[in-house]
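# Overview (structure and organization)
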Amino acid sequence: MVHFTAEEKAIITSLWGKVNVEEAGGEALGRLLVVYPWTQRFFDNFGNLSSASAIMGNPKVKAHGKKVLTSLGEAIKNMDDLKGTFAHLSELHCDRLHVDPENFKLLGNELVIVLAKYFGKEFTPQVQAAWQKMVAGVSIALAHKYH
Amino acid sequence: MVLSAADKNNIKAAWNAIGSHAGDHGAEALERMFHSFPTTKTYFSHFDLSHGSTQIKGHGKKVADALGNAVNHLDDIPTALSALSDLHAHELRVDPVNFRFLSHCLLVTLASHHPGEFTPAVHASLDKFFSTVSTVLTSKYR
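Residues numbered from 1 in each chain as written. Chains lettered and ligands numbered in written order. Predicted model: local features only at pLDDT ≥ 70, side-chain atom pairs only at ≥ 80, totals over all residues. Heavy atoms only, no water.

We now examine the overall build of chain B. The helix and strand tally for chain B stands at 7 helices and 0 strands. Scanning chain B from its N terminus toward the C terminus, one meets helices and strands in the order α-α-α-α-α-α-α. With respect to the principal axes defined by its C-alpha atoms, chain B has extents near 40 × 35 × 20 Å. Out of the 142 residues in chain B, the part that is buried amounts to 49%. (Helix = DSSP H or I, 4+ residues; strand = E, 2+ residues; numbered from the N terminus. Buried < 20%, exposed > 50% of the residue type's maximum accessible area, 1.4 Å probe, protein only.)

Secondary-structure assignment places Ile11 of chain B in helix α1 (residues 5-18). Placed 45 residues apart in sequence, Ile11 of chain B and Ile56 of chain B show a C-alpha to C-alpha distance of 25 Å.

How two aromatic rings sit relative to each other is given by the distance of their centres and the angle of their planes. For the coordinates displayed, the defined rule picks out 8 aromatic pairs over all chains. Taking 5.9 Å as the distance between ring centres and 35° as the angle between the ring planes, the aromatic pair formed by Trp16 of chain A and Trp131 of chain A counts as tilted. Residue Trp16 of chain A is found in helix α1 (residues 6-16), and its partner Trp131 of chain A is found in helix α8 (residues 125-143); the two are separated by 115 residues along the sequence. Here a set of aromatic residues connected by ring pairs shows up, and it is made of Phe34, Phe44 and Phe47 of chain B. The residue whose ring lies beneath Arg41 of chain A is Phe42 of chain A, and the NZ or CZ to ring-centre distance is 4.8 Å. (Phe/Tyr/Trp six-rings, centres within 6.5 Å; stacked < 30°, edge-to-face > 60°. Lys NZ or Arg CZ within 6 Å of the ring centre and 35° of its normal.)

Attention now moves to the packing of helix α7 (residues 102-119) of chain A against helix α6 (residues 97-113) of chain B. Look at α7 of chain A against α6 of chain B: their axes get within 7 Å of each other, and the N-to-C directions meet at 30°. When the axes of α7 of chain A and α6 of chain B are compared, the pair comes out roughly parallel. As for the relative orientation of α7 of chain A and α6 of chain B, their crossing is right-handed in sense. Judged by residue contacts, Glu102, Leu106, Asn109, Val112, Ile113, Ala116 and Lys117 of chain A of α7 of chain A engage Arg100, His104, Leu107, Val108, Ala111 and Ser112 of chain B from α6 of chain B. Among the residues making up the contact of α7 of chain A with α6 of chain B, the classes are represented as 7 nonpolar, 3 polar and 3 charged. (Axes fitted to C-alpha atoms, helices over the stretch in contact; angles between N-to-C directions. Parallel < 35°, antiparallel > 145°, perpendicular 65-115°, else oblique. Left-handed = near helix turned anticlockwise from the far one by under 90°. Contact = heavy atoms within 4.5 Å. Nonpolar A, V, L, I, M, F, W, Y, C, P; charged D, E, K, R; others polar.)

With that settled, consider the layout of surface pockets. Size it by volume and the largest pocket reaches roughly 1,000 Å³. Contributions of two or more residues to the lining of the largest pocket are made by α2 (21-35), α7 and α8 of chain A together with α2 (22-36), α6 and α7 (120-137) of chain B. Looking at the lining of the largest pocket residue by residue, the classes come out as 25 nonpolar, 13 polar and 9 charged. In this structure, the second largest pocket occupies an estimated 850 Å³ of space. Lining the second largest pocket are 32 residues, with His64, Val68, His93, Phe104 and Leu107 of chain A positioned closest to its centre. Breaking the lining of the second largest pocket down by element, the ones donating at least two residues are α2, α4 (59-76), α6 (87-96), α7 and α8 of chain A. If one sorts the elements of the lining of the second largest pocket by residue count, α4 of chain A sits on top with 7 residues. Of the residues contributing to the lining of the second largest pocket, the split by class is 20 nonpolar, 10 polar and 2 charged. (1 Å grid on protein atoms, 1.4 Å probe; cavity = no way out; pocket = protein on both sides within 12 Å on 5 of 7 lines; lining within 4 Å. Points joined across faces, edges and corners; volume = space filled by probe spheres on them.)

Before going further, it helps to examine the interface of chain A and chain B. Facing 22 residues of chain A, the contacting portion of chain B comprises 20 residues. When chain A packs against chain B, close to 1,800 Å² is buried across both sides, 61% of that on carbon and sulfur atoms. Ranking the residues of chain A by area buried against chain B places Ile113, Lys117 and Pro125 of chain A at the top, with a combined share of 29%. Between the two partners, chain A and chain B, sit 1 salt bridge. Between Arg100 of chain B and Glu102 of chain A there is a salt bridge whose closest N-O contact spans 3.5 Å. Put simply, chain A and chain B have 11 residue pairs in polar contact (both at pLDDT 80 or more) between them. (Buried area = accessible area lost by both parts, 1.4 Å probe. Salt bridge = Lys/Arg side-chain N within 4 Å of Asp/Glu carboxyl O. Polar contact = N/O pair within 3.5 Å; in protein donor to acceptor, adjacent residues only side chain to side chain.)

Per-residue confidence for chain B gives a mean pLDDT of 96, with 100% of residues at or over 70. The ipTM assigned to the predicted complex is 0.86, against a pTM of 0.92. (pLDDT = per-residue confidence, 0-100.)

In terms of nonpolar packing, the biggest core is built from 88 residues, with Phe123, Trp131 and Met134 of chain A together with Ile77 and Phe129 of chain B touching the most fellow members. At 10 residues, α7 of chain A tops the list of elements feeding residues into this core. When residues no more than four places from it in sequence are discounted, the contact partners of Phe129 of chain B are Leu3, Ile11, Leu67, Ala70, Val71, Leu74 and Ile77 of chain B. (Core = buried A, V, L, I, M, F, W, Y, C linked by side-chain atoms within 4.5 Å.)

Moving on, we get to α2 of chain B. End to end, α2 of chain B covers 21 Å across 15 residues, agreeing with the expected 21 Å (1.5 Å per residue, within 8%). Among the 15 residues of α2 of chain B, 13 are classified as buried, and the element is accordingly described as predominantly covered. (Expected span 1.5 Å × (residues − 1).)

Shown next, in the form of structure tokens:
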């Protein structure tokens, strides 16, 4: 169970307030599919994923990225109970989507990289550390109901 | 995993863009790693790990120089890094999981300082490059 200090919560919430969820979601998911092409296995019905530019411009990728990050935004309001917040989604990813939880870690790290790209110097080592805890907590929560 | 011709071009171009900042980026990546993945500090109990530490700066430059050497020998990284591979296997014995942490923090550092150059394709090539270097450095572990 990941425990966030008051300072970490403040860091995460403050940065989140400046994030364009639609843009960042598409960017993070797109980069996951480009950098780790085997993750495309979950998105056979997304159409053209044949090149980096096709992936980054794909409207289904952008829409799904937005969906994922919107869900993360909800989690940020409930950082003390990530497992409860993601219980239903965890069951869904196990029983219906059959996604290896390793992929949650990969996507989490892609999000951290995208945040670094957007925020530059503001994304200090301390800010990164808080966000690494956040994505780790979300990954653990999403894997929690797997059986 | 093989570095394609396109990967090699991306890697060389990225390293050129980084230029003389490589040492600083190496140090920053280490600092990020110590903050985000505190277990990595166990390998540096003999270091001053405070911000701006001379030892971190020195070590960051060492890491950057080794990576620069690999960039200059992309067609034969195992030979170029053979001595470092021996060092990690027989003396340093850093658990393999930690190479992923440092690789990730190198990517974060580069993304934050060079957002324009850090396109998805370049990002992918660099990820493959760091992964290749990590594999070489752990290749003689057993």
